[in-house]
Amino acid sequence: MARLTDLLGIDVPLVLGPFGGLSSVELTAAVSAGGGLGSFGLYGYAPDRIVETIERLRAATDRPVAVNLWWPRGDEVSPPEVDLAPIMDAMEPLFRAAGAPRPDPPAAFLPPIADQLDAVFAARPDALSVVYGIPDAATVARARRHGIRLIGTATSVAEAVALEQAGVDAVVATGMEAAGHRVSFLRDAADSLVGTFALVPQVADAVSVPVIAAGGIADRRGVAAALALGADGVQVGTAFLRTRQSAATAAHRAALAAAADTDTVLTRAMSGRLARGIPNRAVREIEDADAIAPFPAQNWLTGIFRAAAAAAGDGELLSLWAGQASGLARLDDATEVLAELRAGLPSPSAGVSA
């Protein structure tokens, strides 16, 4: 554990999962202030918004914070490369239900990763985590120059080894139980569905950098088990996503509170990439119509009605990301969740004051 806490400058080896679209400054700062590493997902953020967000995080806490970017896999489509008309036709009932207009295609679905990286390095968070790929040598070198710790994310042993060879400082070993996107990059996500407690010890045996276990960890028992299997720390998402400090809607938090162990599915319906969440009307109708455009076109399209649905409090039209341990996410305040997780750490770490 000390390897990770010393590396990141934190008190306890507990990391907040970065929520693309569901992060909040309040939650990130609360976890950092409590001695862990608060993380903020920057998916889709333009450079100026990235700088503003990191400045807000700095104003909210003087403890270490991390931000997260999606690394390009190379299979992303641009607006001219995809015909959205048939997909929009199939989604028309969902747009109508949300009260959202049929959108015109944008100039681009996502900002360039190079521009996002420039903004991150200009704003200088304490750590940068990436999903869906291996940071290139130039990015690793820039992180070193700026004193920013670089964290990679692996869904298999081979991915963890590749990340270490690329020069990352730590690896998140994320099992298939985890909420949200399956961030595989060496093989298709459907062929990389390894459970957390099978993945963690094998990754710990295969790499020399600190390993952070993620997926299916929501209370002190999961923390203790992950550490016993060789992890240096844990990353927790769903348990914090349910708290009032997250940017999840009340409908999303209610769905998490009601979810049983068998109530999540893996689907490409909402973004075009495989992700774990609670099925609802949007997922069912999109899958039934096979109305799934390539990433990130699908994510942009569903984002139109998801934004309207969030404003209206309609959980049937949201991306209800959730992990298989949602039933263990029983607390609605981030400080209480952090205290529960800390109780799974061996002494003396468990007694460190928040």
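Rules used in this analysis
Residues numbered from 1 in each chain as written. Predicted model: local features only at pLDDT ≥ 70, side-chain atom pairs only at ≥ 80, totals over all residues. Heavy atoms only, no water. Pairing = 2+ DSSP bridges. Helix = DSSP H or I, 4+ residues; strand = E, 2+ residues; numbered from the N terminus. Axes fitted to C-alpha atoms, helices over the stretch in contact; angles between N-to-C directions. Contact = heavy atoms within 4.5 Å. Buried < 20%, exposed > 50% of the residue type's maximum accessible area, 1.4 Å probe, protein only. Salt bridge = Lys/Arg side-chain N within 4 Å of Asp/Glu carboxyl O. Right-handed = clockwise from strand over helix to strand, strands pointing away. Arc of directions from axis to C-beta. Core = buried A, V, L, I, M, F, W, Y, C linked by side-chain atoms within 4.5 Å.

**A word on the sheet that holds strand E7 (residues 180-181)**
Strand pairing within a sheet occurs via backbone hydrogen bonds; the two strands may be parallel or antiparallel.
Okay, so step 1: Taken together, the 3 strands give an open sheet; going across it, the order is E7-E11-E10, and neighbouring strands pair in antiparallel fashion. One side of each edge strand has no neighbouring strand; the edge strands of this open sheet are E7 and strand E10 (265-267).
Okay, so step 2: Two strands pair when backbone bridges link them, and E10 and strand E11 (residues 275-277) are joined in this way by 3 bridges, in the antiparallel orientation. Its bridge partner lying in E11, Thr 267 is registered against Ala 275.

**A word on unusual backbone geometry**
Okay, so step 1: Here the amide bond leading from Phe 295 into Pro 296 is cis, since omega sits at 0°, within 30 degrees of zero.
Okay, so step 2: Mapped onto the elements, Pro 296 comes out in the loop between helix H12 (281-289) and helix H13 (297-312).
Okay, so step 3: A positive phi angle, close to 55°, is found at Arg 124, a residue other than glycine.
Okay, so step 4: Considering the arrangement of structural elements, one finds Arg 124 in the loop between helix H5 (113-123) and strand E4 (127-131).
Okay, so step 5: In the Ramachandran plot, Tyr 132 falls in the positive-phi region, its phi being about 75° despite a non-glycine side chain.
Okay, so step 6: With respect to the secondary-structure elements, Tyr 132 resides in the loop between E4 and helix H6 (137-146).

**Structural notes on the sheet that holds strand E5 (residues 149-154)**
Okay, so step 1: The 8 strands are arranged E1-E9-E8-E6-E5-E4-E3-E2 in an open sheet whose pairing can be described as parallel. This sheet does not close on itself; its edge strands, each paired only once, are strand E1 (14-16) and strand E2 (38-41). Taken pair by pair, the neighbouring strands of this sheet meet at an average axis angle of 25°, ignoring direction.
Okay, so step 2: Direction of pairing for E5 relative to strand E6 (residues 170-174): parallel, over a ladder of 4 bridges. Counted as the bridge partner of Ala 154 is Ala 173 from E6.
Okay, so step 3: Against the sheet, helix H3 (residues 47-60) makes contact with E2 and strand E3 (65-70), and its axis sits at roughly 160° relative to E3, the strand it touches most.
Okay, so step 4: Packed on one face of the sheet, helix H7 (residues 157-166) meets E5 and E6 and runs near 160° to E5.

**Some details on the environment of Val 131**
Okay, so step 1: When you line up the elements, Val 131 lands in strand E4.
Okay, so step 2: Note on Val 131: relative accessible area 9%, which makes it buried.
Okay, so step 3: Along the sequence, Val 131 and Asn 68 sit 63 residues apart, while their C-alpha atoms lie 7.7 Å from each other.

**A closer look at the pattern of salt bridges**
Okay, so step 1: According to the stated counting rule, one finds 17 salt bridges in the structure shown.
Okay, so step 2: With its nearest N and O atoms 3.0 Å apart, the salt bridge here joins Arg 3 to Asp 232. Within this pair, whereas Arg 3 is found in helix H1 (residues 2-8), its partner Asp 232 is found in the loop between helix H9 (220-228) and strand E9 (233-236), the two being separated by 229 residues in sequence.
Okay, so step 3: Residue classification places Arg 3 among the partly exposed positions, given a relative accessible area of 42%.

**As for the pairing of E6**
Along any regular strand, the residues point their side chains to alternate faces of the sheet.
Okay, so step 1: Here E6 lies mainly inside the structure; 5 of its 5 residues are buried.
Okay, so step 2: Burial of E6 is two-sided: the residues Ala 170, Val 172 and Thr 174 facing one way and the residues Val 171 and Ala 173 facing the other way are all buried.
Okay, so step 3: This β-α-β element, E5 to H7 to E6, shows right-handed connectivity.
Okay, so step 4: Across 4 bridges, the pairing between E6 and strand E8 (residues 211-214) is parallel. Counted as the bridge partner of Ala 173 is Ala 213 from E8.

**Focus on H6**
Residues lying three or four places apart along an α-helix face the same way, a consequence of the helix completing one turn every 3.6 residues.
Okay, so step 1: All of the buried residues along H6 are Thr 139, Val 140 and Ala 143. End-on, the buried residues of H6 take up no more than an arc of 100°, which puts them together on one face. Opposite the buried face of H6, by more than 90 degrees, sit the exposed residues Ala 137 and Arg 145.
Okay, so step 2: For H6, the secondary structure elements touched by its buried residues are H5, E5 and H7.

**What to know about the nonpolar core**
Okay, so step 1: By size, the foremost hydrophobic cluster in this structure holds 96 residues, and its most contacted members are Leu 84, Leu 128, Phe 240 and Phe 305.
Okay, so step 2: Beyond its immediate chain neighbours, meaning those up to four positions away, Phe 305 contacts Met 91, Leu 94, Phe 95, Ala 98, Ala 100, Met 270, Ala 282, Ile 286 and Leu 317.
Okay, so step 3: Of all hydrophobic cores here, the second largest spans 13 residues; its members include Ile 10, Leu 37, Ala 127 and Ile 212.

**Re the pairing of E3**
Okay, so step 1: Burial within E3 is extensive, with 6 of its 6 residues counted as buried.
Okay, so step 2: Where burial is concerned, the two faces of E3 agree: the one with Val 65, Val 67 and Leu 69 and the one with Ala 66, Asn 68 and Trp 70 are both buried.
Okay, so step 3: In the sheet, E2 pairs with E3 via 4 bridges, with the strands oriented parallel. If you follow Phe 40 over to E3, its bridge partner there is Val 67.
Okay, so step 4: Where the polypeptide runs from E2 across H3 and back to E3, its parallel neighbour, the crossover connection is right-handed.
Okay, so step 5: The pairing of E3 with E4 spans 5 bridges and is classified as parallel. When the sheet's bridge partners are listed, Leu 69 is paired in E4 with Val 130.

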